[in-house]
Amino acid sequence: MVGTVVGTVKRVVRGRLVWFEDDDQPIVYERGALAVEDGQIRWSGDFSALPEIFKDWPHDDHGTRIITPGFIDPHIHFPQSQVVGSYAGSLLEWLNTYTFIEEQRYGEAAFCAVMANRFLDQLIQHGTTTCVAFASVHKVAASSLLDAAVERNYRLVTGKSMMDRNAPEALLDTAQTSYDDTKDLIAGWHGKGRVEVAITPRFALTSTEAQMEAIGDLVREYPDCLLQTHLSENLAELEAVREAYPSALDYTDVYDRYGHLTSKSLMGHCIHLSNREVSCLAERGSVAVFCPTSNLFLGSGLFDMQRLTDAGVRTAIATDIGGGTSWSMLSTLSEGYKVLNVQGQRWHPFSMFRQATRGNAEAIGMEDRIGSLRAGMEADFIVLDVEATSAMALRAETVTSLEEELFVLAILGDDRAVVEVYIAGIPSKTVNQIGKPLAGQSYSAT
Ligand code: GUN
Ligand code: ZN
């Protein structure tokens, strides 16, 4: 039922409720129920305590399967849906060889409209019910994605990438057009349905100083908009940033001196930071976004969660499709676990699941709306099956606790373990997908 927006949907959804609030201790209802109406959770708790008024609503019964908040992906690239798994050594080669070529296709409205739905289809298939996405430099890429999300009542934040140097001509804007286009997007879409617009400088290397100033102006003019960018991902990138901004103290200072760093700033990667930079991020309240599959795939380095957390830096975890190699937040948790483990850092399964749900909601400032199953929250939740594959079923036979079950889901799970996805209370994984190209139709922009 694509296109169904909030309406008169009333439903009781039964299963094992598991979610997190302020700490790593889960709230669990073994025989739980959610009462969902008009896209919101009206009530959650033990099924035996379900209030009388909800009892004659239609029931979906998921038995002993876990129901948990939908995953939140706070760093993903819409125009890289077909770049995933491109053979490159490291970031700059990968950008120049594949990514900057592919993103040129997103200047065409018809192509963007199809790809926007295919992008949302993938997110939903993988249990991701909210994302913060980079669009390409083209305003139409962002507006197409915003339109598709509004149409499907999907919670999404995006913005057009601002980039006025160091990329092919066809991918360049100017300081003025990037400022104007971002303002137009904010005026047209910010707060419409469940979508928002983010100020989206691609990274310091693809912006002139004039554009960095314009970005700072937008940050001051729209303090409730998120800002998304990349910081300190790759050593060759760091060297190029030093050359491009010789008077800056370091990479973090490049953003800070233009006023880009606030508590609304999502900084992808944050791998090679000095102590000064870590302190600066902590002071500004900005978020370091851990993108493990991307960091391993592009050989960028290891995110030091312990160091950042100890210094008071807020963190999040994300796929970074298409530098990242999986759309699945479960697979992302699995790779994140390994990145931390190789550095001698433990990551408890409760903390892992909290991070991908409530923790990421806090990182993007939406914890009052998403990331938990308490009454009043938006009804974005997923159903997980620890026996989804034969290997998982084999392993699940010996699972004796919730903590073990969540760990098996994270380490062995992917989209197959996500058996249903409710978007604003509507089951959306099992319905027809609308983003597939029609037979014989080509969407090549060339
Ligand atoms: N830095 C600048 N652009 C990108 C991008 O598209 N992906 C990643 N991983 N890093 C970037
Ligand atoms: Zn990225």
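Provided above is the structure to which this section pertains.
Note that the structure is a prediction, hence the values are computed from the model and not measured. (Residues numbered from 1 in each chain as written. Chains lettered and ligands numbered in written order. Predicted model: local features only at pLDDT ≥ 70, side-chain atom pairs only at ≥ 80, totals over all residues. Heavy atoms only, no water.)

1. Quick look at the overall build of the protein
Here is step 1: From N to C terminus, the protein includes 14 helices and 17 strands.
Here is step 2: The C-alpha radius of gyration computed for the protein amounts to 21 Å, which stays within 12% of the reference 22 Å derived for 446 residues, consistent with globular compactness.
Here is step 3: The principal-axis extents of the C-alpha atoms in the protein amount to approximately 65 × 50 × 40 Å.
Here is step 4: Considering only residue pairs separated by 6 or more positions, the protein has 74% of its internal contacts joining residues 24 or more positions apart.
Here is step 5: Just so you have it, the protein exposes about 16400 Å², and 50% of that area is on carbon and sulfur atoms. (Helix = DSSP H or I, 4+ residues; strand = E, 2+ residues; numbered from the N terminus. Rg over C-alpha atoms; globule rule 2.2 N^0.38 Å. Contact = heavy atoms within 4.5 Å. Areas by Shrake-Rupley, 256 points an atom, 1.4 Å probe, with all protein chains shown as cover.)

2. Considerations on the packing of helix H11 (residues 329-341) against helix H14 (residues 402-412)
How two helices pack is summed up by the angle between their axes together with the distance between the axes.
Here is step 1: Contact geometry for H11 and H14: axes closest at 6 Å, N-to-C directions at 95°. In terms of orientation, H11 and H14 fall into the roughly perpendicular class. Contact with H11, carried on its side by Leu330, Ser331, Leu333, Ser334 and Tyr337, involves Phe407, Leu409, Ala410 and Ile411 of H14 and no other residues of that element.
Here is step 2: Among the residues making up the contact of H11 with H14, the classes are represented as 7 nonpolar, 2 polar and no charged. (Axes fitted to C-alpha atoms, helices over the stretch in contact; angles between N-to-C directions. Parallel < 35°, antiparallel > 145°, perpendicular 65-115°, else oblique. Nonpolar A, V, L, I, M, F, W, Y, C, P; charged D, E, K, R; others polar.)

3. Some words on the pairing of strand S2 (residues 27-37)
Where a strand is regular, its side chains alternate between the two sheet faces.
Here is step 1: Pairing geometry for strand S1 (residues 10-19) and S2, over 9 bridges, is antiparallel. Paired with Val12 across the two strands is Ala35, which belongs to S2.
Here is step 2: Relative to strand S3 (residues 40-46), S2 runs antiparallel, the two sharing 6 bridges. Bridge assignment links Val36 to a residue of S3, and that residue is Ile41.
Here is step 3: Here S2 folds back onto S3, and the loop between the two strands holds 2 residues, one of which, Asp38, carries a positive phi near 50°. (Pairing = 2+ DSSP bridges.)

4. As for empty space enclosed by the protein
Here is step 1: Throughout the structure, instances matching the rule amount to 2 cavities of 30 Å³ or more.
Here is step 2: For the second largest cavity, the calculated volume is near 100 Å³.
Here is step 3: Lining the second largest cavity are His77, Gln80, Leu91, Trp94, Leu95, Arg202, Phe203, His230, Glu233, His269, Asp320 and Gly323.
Here is step 4: Top contributing element to the lining of the second largest cavity by residue count: helix H1 (residues 91-102), with 3 residues.
Here is step 5: Of the residues in the lining of the second largest cavity, the class split is 4 nonpolar, 5 polar and 3 charged. (1 Å grid on protein atoms, 1.4 Å probe; cavity = no way out; pocket = protein on both sides within 12 Å on 5 of 7 lines; lining within 4 Å. Points joined across faces, edges and corners; volume = space filled by probe spheres on them.)

5. Here's the deal with the site of ligand 1
Here is step 1: Contacts to ligand 1 come from His77, Gln80, Leu91, Trp94, Leu95, Arg202, Phe203, His230, Glu233, His269, Ser294 and Asp320.
Here is step 2: Residue Arg202 places a side-chain N or O atom 2.7 Å away from an oxygen atom belonging to ligand 1.
Here is step 3: A distance of 2.8 Å separates a nitrogen atom of ligand 1 from a polar atom in the side chain of Asp320.
Here is step 4: Coverage of ligand 1 by the protein chains reaches 100% of its 280 Å² of free accessible surface.
Here is step 5: Using a 2 Å cut-off from the grid points, one finds that ligand 1 occupies the second largest cavity.
Here is step 6: At 3 residues, the largest contribution of residues to the shell around ligand 1 is made by H1. (Near = heavy atom within 4 Å. Polar contact = N/O pair within 3.5 Å; in protein donor to acceptor, adjacent residues only side chain to side chain. Sits in = over half its atoms within 2 Å of the grid points.)

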